[in-house]
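Below are the chains, spelled out letter by letter.
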Amino acid sequence: MKLSHIALATGIALSPITYAWDALPESAPVPADNPQSEAKILLGQTLFLDPRLSSTGTVSCNSCHNVMEGGDDNRPNSMGVDGQTGGRSAPTVWNAAFLSAQFWDGRAATLEDQARGPVTNPIEMGMKNWDDTVAVLKQIEGYAPMFAAAFGEGTEITEDNAVKAIAAYERTLITPNSAYDKYVKGDKTAMTEQQVRGMDTFKNTGCVACHSGANFSGPELPVGQGFFMKFPTIPGSEYDTKYDLVADTGLHSVTAKDADKGMWRVPTLRNVAVTAPYAHNGAVPTLDEMVRVMAKTQLNKDLSDDEAADIVAFLNALTGEFPEQTMPRLPSTAGMSVVK
């Protein structure tokens, strides 16, 4: 995977002439080697919801990325097998298909790559390896016909096909038609006066220097080329200590390069109002506080109460329409359990 740093000057405020407000597309890009199909999406959704992909039979992808809510788990740090917790907050799965790299540190190029990781992470789902995971799936009789329907008759249950199915499902998790989307498409009644004011404040403060584009996660880049920013860009504020912002070194934990210390993939702001708590470690409890943290640590600006409230109002306008999720019945095993 190619990791790319995009250097942006601190404090940039883009003018209306040079900055375009874009609505979220209603579908995500689909790679040529993993075309969508109803059968594949159903298989992926089923795997996403099945806790038997974990060593204890208690943790599914949905445990940390709850699609019945904001696509995260509203915890500072997600809980995996045996009650273990990691050091980072679960990012939302909604609209993740528009990101050019996955995870907070951007270490996975694609949704398929991302889906491989948690299953064998000892803190998250805890399986020893994917061979053991595939062996479990093969013991669950109902999965064989689902894989055949998704990938063709005679197809084996494999790691690659499992992650392709999960990724195919995740590409359907798009939340268009927010108040903001309707507004930029021409419905000037869709946002309140405060939200419109907050939109201007968001731009003029400089937030769009990083949180740009239709997904508010930066410019469109080739898959695998992550959009990164240093956080905090301006160290030394009270927030560094208050919220323990610098203990985790971000991209540096992947590359071991000194230049990558504190570099993070810029997250989407879509549905940010429903994905508290905030920051990579989930240490910031409210959206109002996170707006102030970002203004100070990234732009060296102290927002007034009115400015912060207006930006928060605008960010609430980014909550989109969540497609209805009909929970599938998981394939069962007769007279036996696959959970050890």
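Preceding this section is the structure that the text describes.
Residues numbered from 1 in each chain as written. Predicted model: local features only at pLDDT ≥ 70, side-chain atom pairs only at ≥ 80, totals over all residues. Heavy atoms only, no water.

(A) Representation of the overall build of the chain in the model. Scanning the chain for helices and strands turns up 12 helices and two strands. In sequence order, the chain lays out its α and β elements as α-α-α-α-α-α-α-α-β-α-α-β-α-α. Against the compact-globule benchmark of 20 Å for 340 residues, the chain has a radius of gyration of 21 Å, which places it among compact chains. Along the three orthogonal principal directions, the C-alpha set of the chain runs to about 65 × 45 × 30 Å. Among the 340 residues that make up the chain, the fraction classed as buried is 49%. (Helix = DSSP H or I, 4+ residues; strand = E, 2+ residues; numbered from the N terminus. Rg over C-alpha atoms; globule rule 2.2 N^0.38 Å. Buried < 20%, exposed > 50% of the residue type's maximum accessible area, 1.4 Å probe, protein only.)

(B) Spatial organisation of the nonpolar core. In this structure, Tyr180, Phe202, Val293, Phe314 and Leu315 are the most contacted members of the largest nonpolar core, which totals 33 residues. Ignoring any residue separated from it by four or fewer positions in sequence, one finds Tyr180 in contact with Trp21, Asp22, Met191, Met199, Phe216, Arg270, Phe314, Ala317 and Leu318. (Core = buried A, V, L, I, M, F, W, Y, C linked by side-chain atoms within 4.5 Å. Contact = heavy atoms within 4.5 Å.)

(C) The arrangement of the environment of Thr175 in detail. Relative to the assigned elements, Thr175 resides in the loop between helix 6 (159-170) and helix 7 (179-184). C-alpha of Thr175 to C-alpha of Pro25: the two residues are 150 residues apart in sequence and 9.0 Å apart in space. The contact partners of Thr175, leaving out residues within four places of it in the chain, are Leu24, Trp94, Asn95, Asp181, Arg270, Asn271, Gly320, Glu321, Phe322 and Pro323. A distance of 2.8 Å separates the side chain of Thr175 from the side chain of Asn95, its partner in a polar contact. Within the local environment of Thr175, its side chain forms a polar contact with the side chain of Asn271, the two groups lying 2.9 Å apart. (Polar contact = N/O pair within 3.5 Å; in protein donor to acceptor, adjacent residues only side chain to side chain.)

(D) Main features of the pattern of salt bridges. Under the counting rule described, the total for this entry stands at 16 salt bridges. Arg52 serves as the salt-bridge partner of Asp50, at 2.9 Å between the closest nitrogen and oxygen. Looking at Asp50, the relative accessible area reads 0%, which means it is buried. Among the ionic pairs, Arg270 bridges to Asp181, the shortest N-O distance being 2.8 Å. Taken together, the residues Arg270 in the loop between strand 2 (263-265) and helix 11 (287-299) and Asp181 in helix 7 connect sequence positions 89 residues apart. Neither Arg270 nor Asp181 differs from the other in exposure class; each is buried. Connected through salt bridges with shared partners, the residues Arg88, Asp105, Arg107 and Asp248 form a single ionic network. (Salt bridge = Lys/Arg side-chain N within 4 Å of Asp/Glu carboxyl O.)

(E) Spatial organisation of the side chain of His65. One can find His65 in the loop between helix 2 (61-64) and helix 3 (111-120). A polar atom in the side chain of His65 sits 3.4 Å from the backbone oxygen of Gly71. If we skip the residues at most four places from it in the chain, His65 touches Phe48, Gly71, Asp72, Ala90, Pro91 and Val93.

(F) Local environment of the layout of surface pockets. Space inside the second largest pocket adds up to approximately 690 Å³. If you go around the second largest pocket, you meet 37 residues; those closest to its centre are Pro29, Ala97, Phe98, Leu99 and Ser100. When contributions to the lining of the second largest pocket are tallied by element, the ones reaching two or more residues are helix 3 and helix 6. Here the residues of the lining of the second largest pocket are counted per class, giving 18 nonpolar, 10 polar and nine charged. (1 Å grid on protein atoms, 1.4 Å probe; cavity = no way out; pocket = protein on both sides within 12 Å on 5 of 7 lines; lining within 4 Å. Points joined across faces, edges and corners; volume = space filled by probe spheres on them. Nonpolar A, V, L, I, M, F, W, Y, C, P; charged D, E, K, R; others polar.)

(G) Molecular detail of the environment of Lys164. Within the secondary structure, Lys164 is located in helix 6. What makes Lys164 partly exposed here is its relative accessible area of 24%. In this structure the C-alpha to C-alpha distance between Lys164 and Leu111, which are 53 residues apart in sequence, comes to 8.3 Å. In this structure, Lys164 is in contact with Asp33, Asn34, Lys40, Glu112 and Phe151, ignoring residues within four places of it in sequence. Of note is the side chain of Lys164, whose polar atom sits 3.3 Å from the backbone oxygen of Asp33.

(H) Here's a closer look at the side chain of His211. Looking at the secondary structure, you find His211 in the loop between helix 8 (193-205) and strand 1 (228-230). Judged by relative accessible area, His211 falls into the buried class, the value being 11%. Ignoring sequence-local partners within four residues, the contact set of His211 consists of Tyr19, Phe202, Phe216, Ser217, Gly218, Val266, Pro267, Leu269 and Met294.

(I) Main features of the packing of helix 1 (residues 38-49) against helix 6. Two numbers describe how helix 1 lies on helix 6: the axes approach to 7 Å, and their chain directions differ by 100 degrees. By the angle between their axes, helix 1 is roughly perpendicular relative to helix 6. On helix 6, the residues touching Lys40, Ile41, Leu43, Gly44, Gln45, Leu47 and Phe48 of helix 1 are Ala162, Lys164, Ala165, Ile166, Ala168, Tyr169 and Glu170. Of the residues in the contact of helix 1 with helix 6, the class split is nine nonpolar, two polar and three charged. (Axes fitted to C-alpha atoms, helices over the stretch in contact; angles between N-to-C directions. Parallel < 35°, antiparallel > 145°, perpendicular 65-115°, else oblique.)

(J) Spotlight on helix 5 (residues 143-151). Along helix 5, the residues that are buried comprise Tyr143, Met146, Phe147, Ala148 and Ala150. Directly after helix 5, the chain includes Gly152, whose backbone phi takes a positive value near 110 degrees.

(K) Region of the structure containing unusual backbone geometry. Pro232 follows Phe231 through a cis peptide bond whose omega is -5 degrees. Along the polypeptide, Pro232 turns up in the loop between strand 1 and helix 9 (238-242). The omega torsion across Ala276 and Pro277 is 0 degrees, close enough to zero to call that bond cis. The residue Pro277 is located in the loop between strand 2 and helix 11 in this model. Residue Phe216 is not a glycine yet carries a positive backbone phi of 55 degrees. On the secondary structure map, Phe216 appears in the loop between helix 8 and strand 1. For Phe216, a relative accessible area of 0% gives the class buried. One non-glycine residue, Asn271, adopts positive backbone phi at about 60 degrees.

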